[in-house]
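# Structure at a glance
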Amino acid sequence: WDWDPAIFKAGPIELRYYGVLFALALAVGYITLRWRFRDENEDPEGATSITYALMAAIVLGARLAHVFFYDRDYYFMNPGEILKFWKGGLASHGAATGIILVCLFYSYIYRREPVRVILDRMSFTIPFAAICVRLGNFFNSEIIGSPTDVPWAVVFVRVDSIPRHPSQIYESSMGIILIAIIFGTYYLYKRRNKPMPLGLASSLLLTGYFTMRFFVEFFKEAQTPDVFGALSMGQALSLPDRKSTRLNSSHITI
């Protein structure tokens, strides 16, 4: 795999596949969020008011998590690189944290309703974003997999000549699985003329994504020094905290 990550270049300006896919994720997420508002008999313009905050929180949270958890020494030595998120380097755990913080503020301060309401709506938008972001990583030849001799191994020529697991594709597949689970559950309840239980969509997203992410980490090249024993940074951040989060089939409490 030796694909140029830039679609075209004009002097210092580049249009990258990563940026296009990221923008596509935001656009589709916004359209899906409007559909969720409309489907629940809410004004779809409510999706607009929260989308701007979500866009900023996703980019800022994902970038800061990558900087502090995955490559702190490099960015502290090159602080000017921190703002260049279009080059890659966004951590999904930071994006998730940003989303949750915005949803908490939106629910308790702006709408004064349970945070599970907006988290459930957001849960329909996030799996597609996960697909797009990891495909962007694949085009950038970053967040590569560990060496392997499986028939579908990929050599990322811009990195080295070693056949590796296409871990970015594995993680994109996680998004496809989550779409099937969440939308499948939604239509199952719809066929029965029943609404999905409050908190079910967000529970499916959080437990499904981070469980799959934990296991996919076994096929990825370590992005940080071994600071958690046998666990990678991605695995450690994917573990649930029983003191702060309770999940079951009907609700999520944060």
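Residues numbered from 1 in each chain as written. Predicted model: local features only at pLDDT ≥ 70, side-chain atom pairs only at ≥ 80, totals over all residues. Heavy atoms only, no water.

## Some details on the pairing of strand E2 (residues 13-16)
- Taken together, the 4 bridges between strand E1 (residues 6-10) and E2 define a ladder with antiparallel strand orientation. The residue of E2 that forms the bridge with Lys-9 is Glu-14.
- The hairpin formed by E1 and E2 contains 2 residues between the paired strands, and Gly-11 there has a positive phi angle of roughly 65°. (Pairing = 2+ DSSP bridges. Helix = DSSP H or I, 4+ residues; strand = E, 2+ residues; numbered from the N terminus.)

## Things to note about a nonpolar patch on the surface
- There is a patch of nonpolar side chains on the surface, built from Leu-60, Leu-64, Phe-68, Phe-69 and Phe-76 and spanning about 480 Å² of accessible area.
- For the nonpolar patch, the leading source of residues is helix H2 (residues 45-70), giving 4 residues.
- For Phe-76, the position within the fold is in helix H3 (residues 72-77). (Patch = residues over 30% accessible without salt bridge, like charges linked within 9 Å, V, L, I, M, F, W, Y side chains within 5 Å. Areas by Shrake-Rupley, 256 points an atom, 1.4 Å probe, with all protein chains shown as cover. Salt bridge = Lys/Arg side-chain N within 4 Å of Asp/Glu carboxyl O.)

## Side note on the pattern of salt bridges
- Scanning all chains against the criterion turns up 18 salt bridges.
- Glu-14 is the salt-bridge partner of Lys-9, the closest N and O atoms lying 3.9 Å from each other.
- By relative accessible area, Lys-9 is classed as exposed at 52%.
- Glu-14 gets classed as partly exposed once you look at its relative accessible area, which sits at 36%.
- For Arg-111, the salt bridge goes to Glu-42, with nearest N and O atoms at 3.0 Å. Of the two residues, Arg-111 sits in helix H4 (residues 92-111) while Glu-42 sits in the loop between helix H1 (17-39) and H2, which places them 69 residues apart along the sequence. (Buried < 20%, exposed > 50% of the residue type's maximum accessible area, 1.4 Å probe, protein only.)

## Notes on the packing of aromatic side chains
- With the rule as written, the count across this model stands at 20 aromatic pairs.
- Relative to Phe-183, the ring of Trp-35 has its centre 5.9 Å away and its plane inclined at 10°; by these criteria the two rings are stacked. Here Trp-35, found in helix H1, pairs with Phe-183, found in helix H7 (residues 167-191); they are 148 residues apart in sequence, far enough to count as distant.
- Under the relative-accessibility criterion, Trp-35 is labelled partly exposed at 23%.
- Where Tyr-106 meets Tyr-110, the ring centres are 5.4 Å apart and the plane angle is 35°; that geometry is what we call tilted. Residue Tyr-106 and its partner Tyr-110 are both found in helix H4; the two are separated by 4 residues, about one turn of the helix. (Phe/Tyr/Trp six-rings, centres within 6.5 Å; stacked < 30°, edge-to-face > 60°.)

## Examining the confidence of the model for the protein
- In the predicted model, the protein carries a mean pLDDT of 84, and the fraction of residues at 70 or more is 85%.
- Counting interchain partners and residues more than four positions distant, the pLDDT-below-50 stretch residues 242-254 has 28 contacts. (pLDDT = per-residue confidence, 0-100. Contact = heavy atoms within 4.5 Å.)

## Overview of the nonpolar core
- Ranked by size, the top nonpolar core spans 22 residues in total, and within it Phe-22, Leu-33, Ile-50, Leu-54, Cys-103, Ile-118 and Met-122 carry the most contacts.
- When contributions to this core are tallied by element, the ones reaching two or more residues are H1, H2, H4 and helix H5 (115-123).
- Excluding anything up to four places from it in sequence, Leu-33 contacts Ala-47, Ile-50, Thr-51, Leu-54, Arg-121, Met-122 and Thr-125.
- Leu-178, Ile-182, Tyr-186 and Phe-210 belong to the second largest nonpolar core, which has 14 residues in total. (Core = buried A, V, L, I, M, F, W, Y, C linked by side-chain atoms within 4.5 Å.)

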